[in-house]
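These are the residues of each chain, in order.
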Amino acid sequence: MEDSKTIFIAGDYAPVNRTERLSKEGKYTEIFGNILPYIQQADYSVINLECPLTNEKSPILKTGPALYADESCINSLKYAGIDLVTLANNHILDQGYNGLKNTLDLCNKNKINTVGAGLTRKEASSIFYSEIKKTTIAFLSIAENEWSTIQDNEYGANALNLVDNYNSIIEAKKNADIVIVIVHGGYETYNLPSIRMQRTYRFFIDAGADIVVGHHTHCVSGYEYYKGKPVVYSLGNFV
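Just so it is clear, the structure is predicted and the values come from calculations on it, not from any experiment.

Chemist: Quick question: what am I supposed to make of the overall build of the chain here?
Modeler: Summing up its helical and strand segments, the chain has 8 helices and 12 strands in all. Its C-alpha atoms give the chain a radius of gyration of 17 Å, within 12% of the compact-globule value 18 Å for 239 residues. Summarising its shape, the C-alpha atoms of the chain cover approximately 45 × 45 × 35 Å along the three principal directions. Looking at the chain as a whole, 53% of its 239 residues are labelled buried. A fraction of 72% describes how many contacts in the chain between residues 6 or more apart in sequence connect residues 24 or more apart. When the accessible area of the chain is evaluated, it comes to approximately 11,400 Å², of which 49% is carbon and sulfur surface. For the chain, the distance from the average position of its 22 positive side-chain charges to the average position of its 27 negative side-chain charges is 2 Å.

What follows is the structure in structure tokens.
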């Protein structure tokens, strides 16, 4: 159809280890494989960038790995044709303020849009709008509260907070034709949504979202149509 729009949304992309090596070597087709045409042919492509891109290590104190990838890995995103990266996840602040700032600057320099994290609370919670074939689409990026979400500091990832998230969805609905809420949360390696996450994602639809998409669990966690609107509980890993 002439007025149809194709939006590609993928889960976690952390260009570390083997993926970082392939990116540095410019072997982008080996990273994305046969999914590459789907990304490039879409009207708009979105992935979750699961780690900061920086050449300066400054890891925060936390449990679990403090991820980061070489700045040159931005080129793999450019090659694939990624339009927007969601940054509300549990690793984007692994290298602190400087790691986040460098990632934002790098994306901006390479004309890749960002949503879900920022150097101020207002920036982190900002809604990203895109005009796609005469349709205004709003993207919200939200992460469950872990090491990266804004707590006492004023920088980091946009947190899962039902009051704030509700108000953002209401605002987005006023200014956009379609509202897409992308959530980083759920139980890792568990391929069913918890009752809490199901209620939360359905609540976002009730608040006005048209599509809710989740990732973080590292496995596919099912989907449903709630009130006729798609709710994907987790896409699993992308790369």
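Having seen it, we continue.
Chemist: Quick question: what am I supposed to make of the pairing of strand β11 (residues 223-226) here?
Modeler: The two faces of a sheet get side chains in turn, since along a regular strand they alternate between them. Residues Glu224 and Tyr226 line the buried face of β11, whereas the alternating positions Tyr223 and Tyr225 sit on a face that is not buried. Sheet analysis places β11 next to strand β12 (residues 229-232), joined by 4 bridges and oriented antiparallel. Its bridge partner lying in β12, Tyr225 is registered against Pro230. Where β11 folds back onto β12 in an antiparallel hairpin, the turn is made up of 2 residues, including Lys227, whose phi is positive at roughly 55°.

Chemist: Sorry, what's going on with the packing of aromatic side chains here?
Modeler: By convention here, two paired aromatic rings are described through the distance between centres and the angle between planes. For the structure shown, the criterion picks out 12 aromatic pairs. Taking 6.2 Å as the distance between ring centres and 50° as the angle between the ring planes, the aromatic pair formed by Phe203 and Phe204 counts as tilted. For Phe203, a relative accessible area of 28% translates into the label partly exposed. Members of the aromatic cluster, connected to one another through ring pairs, are Phe8, Tyr13, Phe32 and Phe238.

Chemist: Looking at this model, I keep getting lost on the packing of helix α7 (residues 162-175) against helix α8 (residues 195-207). Mind explaining?
Modeler: A packed helix pair is summarised by two numbers, namely the angle formed by the two axes and the spacing between the axes. Relative to each other, α7 and α8 sit at 35°, their axes nearing to 9 Å. By crossing handedness, the relation of α7 to α8 is classed as right-handed. Residue-level inspection shows Leu162, Asn165, Tyr166, Ile169 and Ile170 of α7 in contact with α8, the latter providing Thr200, Phe203, Phe204 and Ala207.

Chemist: Explain α7 here, please?
Modeler: A turn of α-helix holds 3.6 residues, and therefore any two residues three or four places apart point the same way. Over its 14 residues, α7 extends 20 Å from the first C-alpha to the last, a length consistent with the 20 Å expected when each residue adds 1.5 Å. Every buried residue of α7 is listed here: Asn165, Ser168, Ile169 and Ala172. Viewed along the axis of α7, the buried residues span an arc of 100°, placing them on a single side of the element. For α7, the exposed residues lying more than 90 degrees away from the buried face are Val163 and Lys174.

Chemist: Just to check I follow, could you spell out the nonpolar core for this structure?
Modeler: Here is a general trend for soluble globular proteins: nonpolar side chains tend to be buried in one another's company. With 37 residues, the main nonpolar core has Tyr13, Phe32, Ile47, Leu77, Val85 and Phe238 as its most contacted residues. The element that contributes the greatest number of residues to this core is helix α5 (residues 96-109), accounting for 4 residues. If sequence neighbours within four positions are ignored, Leu77 has contacts with Tyr13, Ile47, Ile82, Val85 and Ile112. Residues Ile127, Ala138, Tyr201 and Tyr226 belong to the second largest nonpolar core, which totals 21 residues.

Chemist: Would you take a moment to explain the sheet that holds strand β6 (residues 128-132) for this structure?
Modeler: Note on sheets: strands pair through backbone hydrogen bonds, and any given pair is parallel or antiparallel. Pairing within the open sheet is mixed, and its 6 strands lie in the order β6-β7-β9-β10-β12-β11. Each edge of the open sheet carries a strand with a single partner, namely β6 and β11. The average angle at which neighbouring strand axes cross in this sheet is 20°, direction not considered. Of the strands in this sheet, β6, β7 (135-143), β9 (178-184) and β12 are in contact with α7, which crosses β7 at around 170°.

Chemist: I keep staring at the environment of Gly33 and nothing clicks. Help me out?
Modeler: With respect to the helices, strands and loops of the structure, Gly33 is situated in the loop between α2 (28-32) and α3 (36-41). Classification of Gly33 by relative accessible area gives partly exposed; the value is 37%. Taking the C-alpha atoms as reference points, Gly33 and Phe203, 170 residues apart in sequence, are found 36 Å from one another.

Chemist: Is there a simple way to think about the layout of surface pockets in this case?
Modeler: Think of a ball as big as a water molecule: rolled over the atoms, this probe shows where empty space is left. In this structure, the largest pocket occupies an estimated 230 Å³ of space. Lining the largest pocket are Arg121, Ala124, Ser125, Asn145, Ile150, Ala157, Asn158, Ala159, Asn161, Asp164, Asn165 and Ser168. Element by element, the count of residues in the lining of the largest pocket is highest for α7, at 3 residues. When its residues are assigned to classes, the lining of the largest pocket shows 4 nonpolar, 6 polar and 2 charged.

Cut-offs used in this document
- As a convention, each chain's residues are numbered from 1 in the sequence order in which they are written.
- Per-residue local features of the predicted model are confined to residues with pLDDT of at least 70, and side-chain atom pairs are confined, for both listing and counting, to 80 or more; whole-chain, interface and lining totals are unaffected and use all residues.
- Side-chain calculation: all heavy atoms of the structure are included, whereas hydrogens and water are not.
- Only DSSP runs of H or I covering at least 4 residues are called helices, and only runs of E covering at least 2 are called strands; the numbering of each starts at the N terminus.
- For the radius of gyration, the atoms used are the C-alpha atoms, and the globule rule reads 2.2 Å times the number of residues raised to 0.38.
- Only protein chains enter the calculation, and the probe is 1.4 Å; a residue is then buried if its accessible area is under 20% of its type maximum, exposed if over 50%, and partly exposed in between.
- We call two residues in contact whenever any of their non-hydrogen atoms come within 4.5 Å of each other.
- Surface exposure here means Shrake-Rupley accessible area, sampled with a 1.4 Å probe, where a residue is shielded only by the protein chains that are shown.
- When charges are counted, neither His nor the chain ends are considered; positive counts come from Lys and Arg and negative counts from Asp and Glu.
- Charge placement uses NZ in Lys and CZ in Arg. For Asp and Glu, CG and CD serve respectively.
- Pairing between strands is defined by DSSP: at least two bridges between them are needed.
- Between rings of Phe, Tyr and Trp, where Trp is taken as its six-membered ring, a pair exists when centres lie within 6.5 Å; planes separated by under 30 degrees are stacked, by over 60 edge-to-face, and by other angles tilted.
- To define axes, lines are fitted to C-alpha atoms, for helices over the stretch in contact only, and angles between the resulting N-to-C directions are given on a 0 to 180 degree scale.
- In this scheme the handedness of a crossing depends on how the near helix is turned from the far one: anticlockwise by less than a right angle means left-handed, clockwise means right-handed.
- What a helix should span is 1.5 Å times the count of its residues minus one.
- By arc we mean the arc of the directions from the helix axis to the C-beta atoms, nothing more.
- In plain words, nonpolar cores are sets of buried Ala, Val, Leu, Ile, Met, Phe, Trp, Tyr and Cys residues tied together by side-chain atoms within 4.5 Å.
- Both cavities and pockets are sets of points on a 1 Å grid over the protein atoms alone; in a cavity a 1.4 Å probe fits but cannot get out, in a pocket the set is open with protein on both sides within 12 Å along at least five of seven lines, and lining residues sit with an atom within 4 Å of a point.
- Grid points are joined across faces, edges and corners, and a volume is the space filled by probe spheres set on the points.
- Polarity classes work like this: nonpolar for Ala, Val, Leu, Ile, Met, Phe, Trp, Tyr, Cys and Pro, charged for Asp, Glu, Lys and Arg, and polar for all others, with Gly in that last group.

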